[in-house]
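# Breakdown of the fold
Now for the letters of each chain:
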Amino acid sequence: MSRNEPFESVPMANDHPDQAISLAQALLAPRLVIEDTAPVLDGGTFAAKAISGQPVTVSSKVYSDGHDRLMVLLHWREARSREWHSVPMEDAGNDLWLGQFTPTGLGLHLFSIEAWIDPYATFCYDLEKKFNAAVEIKLELEEGRLLLGKGAERTDGALREQILTLQSRLVGLDEQAQVALLLGEDAARLMAEAEHRSYLTRSIEFPLDVDRPAAQFASWYELFPRSITDDPARHGTFNDVHARLPMIRDMGFDVLYFPPIHPIGRSHRKGPNNSLQAGPDDPGSPYAIGSADGGHDAIHPQLGSREDFRRLVAAAAEHGLEIALDFAIQCSQDHPWLVEHPGWFSWRPDGTIRYAENPPKKYQDIVNVDFYAADAVPSLWLALRDVVIGWVEEGVKTFRVDNPHTKPLPFWQWLIANVRSQYPDVLFLAEAFTKPAMMARLGKVGYAQSYTYFTWRNSKQELQEYFETLNQPPWSHCYRPNFFVNTPDINPFFLQRSGRAGFLIRAALATMGSGLWGMYSGFELCEAAAIPGKEEYLDSEKYEIRPRDFTAPGNIIAEIAQLNRIRRQNPALQTHLGVAFFNCWNDNILYFAKRTADRENYILIAINLDPDNVQEANFELPLWELGLDDNADTYGEDLMNGHRWTWHGKTQWMRIDPSYQPFGIWRISAAQ
């Protein structure tokens, strides 16, 4: 039985799975199986993530009954294009097929797999085995001649003539020459072109979301523009930020992120350290968005004008910095929307508005919109979309979204897709500290990257388990972790007690562990003063202006600059993927590798997790990953100081002194 019409390799429809299928269903069911395809999320419900210009490896289990040889193709296209591209997939053994393509555009792509039984390849496989085994092949040679004839019958023109010519060349040749001709490249190519694709089977089309490289590799620096001042009584401006750009660039950052820059409400404004009473000159929290000066589409007057903002965006770009803005969907009680669109909010029976709460905490300065209020659908959704588009048109292509897990997932799925359909280079970072399923789901609905649990992973076991989890499906297909070492909201207990060494430890973990990392201004100065018993900064910048001396003694600016330089120079460090952990016999030392798929760039990282004590350990060099035996020599280079050496053998020894440098970063290669 031969099939020329393709059909999808999907489960057979059956209203009652416990009953046998009908004969008609069985006759129409695919003979070939295409399953376990990757990268695929939830059966293709959501798009797996990819980066423009980077190869995408597609794998799938493809098989059929019997021993016939199969031909498997990988097809892909941009969703907005009708043009498909194709490449053969390779049999990696045990029914696993691998194919690769490199998307060059941005936005939604589609890929699918097509497979069929290849009679001529099957014939060649059997013929070669029998010939090599010195088995009689007279009939096989006749079968080969007939197969060429059938191939010619299925085509016309130049291809038909080429196959007939090839067939005629068999006449008069000895057995060995006939075998060579039938197994040759010309015969395989011509017959592949003439193949009618028996039992052709296609997978469904799987989506792939392609982002620009900054979605996977970027270094974020967060600051409050209002604090770029030398006097706490003088509000900093966009124009003041210009003077900070060279130092931020020289530290190796490429994203400069601002908390909300919008007008701040007066009603229930918070004072220093989140006090409920604010003085007349207290600036308030920038997350209480909205006043008589405007809402989410406006700029706080004390920061400057819109033209000032545009000049800053342009100046930042000249320094290799991209401005990222906070998108916080919350309003002060003075936000214009409360008057213009009261139906977008929740009101209590006594006529007062429902403000934000997290009992026992109360946030009277903030009220939340109601996404599904009768008056809010769809006008609120469109208004929020237009806010984002407005800032994109001002040159902002990256948004850090505040608490996205507290807003409806369908809203995000729609908004992100809608914005990126117009501006496919726009990126969204989820500031989501919540349950794992929700964090993964935010990635699935469109977020390019996300805050993580990294902040609270301190021990060797915790860090290794977390890194390995992020390197495995489904996380590796849907989630790009941004390892922020601190935020205005989070002053981790580890940093509060660990001193300068602790800040270097966390910086090394973040920069080496992920292609994405970020730090909040003051980290480079090792700021750690906390509200006792809380992971919160004392005199938090969220509620007051905080001038800083960015050249204060004890800073780690040079170390941060070198870590970022190392990242730029080594492709293996430009993603969170490619992690492997190896033996190091000390529970205080985290020892792992980051390497490219071809092992051409191979980085070893050893971090002393104990900020107070010297730690020593024997450890193993992963010589087997470089194709070397246990006694081989390898070259090592310390990427922090340039020192070079030769290692002899697999087992080595390390000593890491946190008072000097609590980590080692070594690039290794096979000795020539």
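Residues numbered from 1 in each chain as written. Predicted model: local features only at pLDDT ≥ 70, side-chain atom pairs only at ≥ 80, totals over all residues. Heavy atoms only, no water.

## Details of the sheet that holds strand β8 (residues 96-101)
- The strand order across the open sheet built from four strands is β2-β4-β8-β7, with neighbouring strands paired in antiparallel fashion. Across the chains shown, the open sheet's two edge strands, defined by having one partner strand only, are β2 (33-38) and β7 (90-93). With direction set aside, neighbouring strand axes in the sheet form an average angle of 35°.
- Judged from the four bridges that link them, β2 and strand β4 (residues 56-63) form a sheet pairing that is antiparallel. Looking across to β4, one finds that Glu 35 is bridged to Lys 61. (Pairing = 2+ DSSP bridges. Helix = DSSP H or I, 4+ residues; strand = E, 2+ residues; numbered from the N terminus. Axes fitted to C-alpha atoms, helices over the stretch in contact; angles between N-to-C directions.)

## Some thoughts on the UniProt feature "domain: Glycosyl hydrolase family 13 catalytic" (unreviewed entry) in the chain
- What UniProt calls "domain: Glycosyl hydrolase family 13 catalytic" (unreviewed entry) maps, in this numbering, to residues 222-567.
- Annotated as residues 222-567, this span is 32% helix and 12% strand, and its ends, taken at the C-alpha atoms, are 19 Å apart. (UniProt positions renumbered as here; feature names shortened; annotations may be inferred.)

## Considerations on the sheet that holds strand β27 (residues 644-648)
- Here we have six strands laid out as an open sheet, ordered β22-β23-β24-β29-β26-β27, and antiparallel in their pairing. Edge strands, defined here as strands with exactly one partner in the open sheet, are β22 (579-581) and β27. The mean inter-strand angle of the sheet, taken between neighbouring strand axes irrespective of direction, is 30°.
- Bridge analysis of strand β24 (residues 602-608) against strand β29 (residues 663-670) gives five bridges, and the strand direction is antiparallel.

## Describing the packing of aromatic side chains
- Applying the stated criterion to the full structure yields 44 aromatic pairs.
- With a centroid separation of 5.2 Å and an interplanar angle of 75°, the aromatic rings of Trp 337 and Trp 344 are classed as edge-to-face.
- Given a relative accessible area of 11%, Trp 337 falls into the buried group.
- Members of the aromatic cluster, each reached through a chain of ring pairs, are Phe 327, Phe 371, Tyr 372, Trp 381, Phe 399, Phe 411, Trp 412, Trp 414, Phe 428 and Tyr 447. (Phe/Tyr/Trp six-rings, centres within 6.5 Å; stacked < 30°, edge-to-face > 60°. Buried < 20%, exposed > 50% of the residue type's maximum accessible area, 1.4 Å probe, protein only.)

## Quick word on empty space enclosed by the protein
- By the definition in use, this model includes three cavities of 30 Å³ or more.
- A volume near 90 Å³ is recorded for the largest cavity.
- What lines the largest cavity is Phe 224, Pro 225, Arg 226, His 235, Pro 259, Pro 260, Ile 261, His 262, Ile 264, Pro 286, His 300 and Leu 303.
- Considering only residue class, the lining of the largest cavity consists of eight nonpolar, three polar and one charged. (1 Å grid on protein atoms, 1.4 Å probe; cavity = no way out; pocket = protein on both sides within 12 Å on 5 of 7 lines; lining within 4 Å. Points joined across faces, edges and corners; volume = space filled by probe spheres on them. Nonpolar A, V, L, I, M, F, W, Y, C, P; charged D, E, K, R; others polar.)

## Quick word on the nonpolar core
- With 133 residues, the main nonpolar core has Phe 309, Phe 399, Trp 412 and Phe 428 as its most contacted residues.
- Apart from the residues lying within four places of it in its own chain, the contact partners of Phe 399 are Leu 325, Phe 327, Val 388, Trp 391, Val 392, Val 426, Leu 427, Phe 428 and Leu 429. (Core = buried A, V, L, I, M, F, W, Y, C linked by side-chain atoms within 4.5 Å. Contact = heavy atoms within 4.5 Å.)

## Things to note about the packing of helix α3 (residues 138-153) against helix α5 (residues 175-182)
- For the pair α3 and α5, interaxial distance at closest approach is 11 Å and the crossing angle is 40°. With respect to α5, the axis of α3 lies oblique. In the packing of α3 onto α5, the handedness of the crossing is left-handed. In contact with Leu 141, Gly 144 and Leu 148 of α3, α5 contributes Glu 175, Gln 178, Val 179 and Leu 182.
- Counted by class, the contact of α3 with α5 contains four nonpolar, two polar and one charged residues. (Parallel < 35°, antiparallel > 145°, perpendicular 65-115°, else oblique. Left-handed = near helix turned anticlockwise from the far one by under 90°.)

## Re the side chain of Thr 452
- When you line up the elements, Thr 452 lands in the loop between β19 (449-450) and α14 (460-470).
- Side-chain polar atoms of Thr 452 contact the backbone nitrogen of Phe 454, separated by 2.9 Å. (Polar contact = N/O pair within 3.5 Å; in protein donor to acceptor, adjacent residues only side chain to side chain.)

## Here's the deal with helix α6 (residues 185-194)
- Among the residues making up α6, those that are buried are Ala 187, Leu 190, Met 191 and Ala 194. Angular distribution of buried residues about the axis of α6 spans 95°; they occupy a single face of the element. (Arc of directions from axis to C-beta.)

## Observations regarding the UniProt feature "binding site: alpha-maltose 1-phosphate" (unreviewed entry) in the chain
- Per the UniProt record, "binding site: alpha-maltose 1-phosphate" (unreviewed entry) is annotated on Lys 270, Gln 330, Asp 365, Asn 403, Lys 542 and Tyr 543.
- Tracing the backbone through its elements, the reader meets Lys 270 in the loop between β13 (255-258) and α9 (306-318).
- Of the residues examined, Lys 270 reaches a relative accessible area of 2% and is grouped as buried.
- Leaving out residues up to four positions away in the same chain, Lys 270 has contacts with Ser 275, Leu 276, Ala 278, Gly 284, Lys 362, Tyr 363, Gln 364, Asp 365 and Tyr 543.
- For Gln 330, the location among the structural elements is in the loop between β14 (322-327) and α10 (336-340).
- In contact with Gln 330, other than residues within four places in its own chain, are Tyr 287, Ile 289, His 296, Ile 366, Val 367, Asn 368 and Asp 402.

## Focus: the packing of helix α2 (residues 119-132) against α3
- Two elements in contact, α2 and α3, have axes whose closest approach is 11 Å; the angle formed by their N-to-C orientations is 160°. By the criterion of interaxial angle, the relationship of α2 to α3 is roughly antiparallel. Once α2 is placed against α3, the crossing between them reads as left-handed. The segment α2 lies against α3, with Tyr 120, Phe 123, Leu 127 and Lys 130 engaging Glu 140, Leu 141, Glu 143, Gly 144, Leu 147 and Leu 148.

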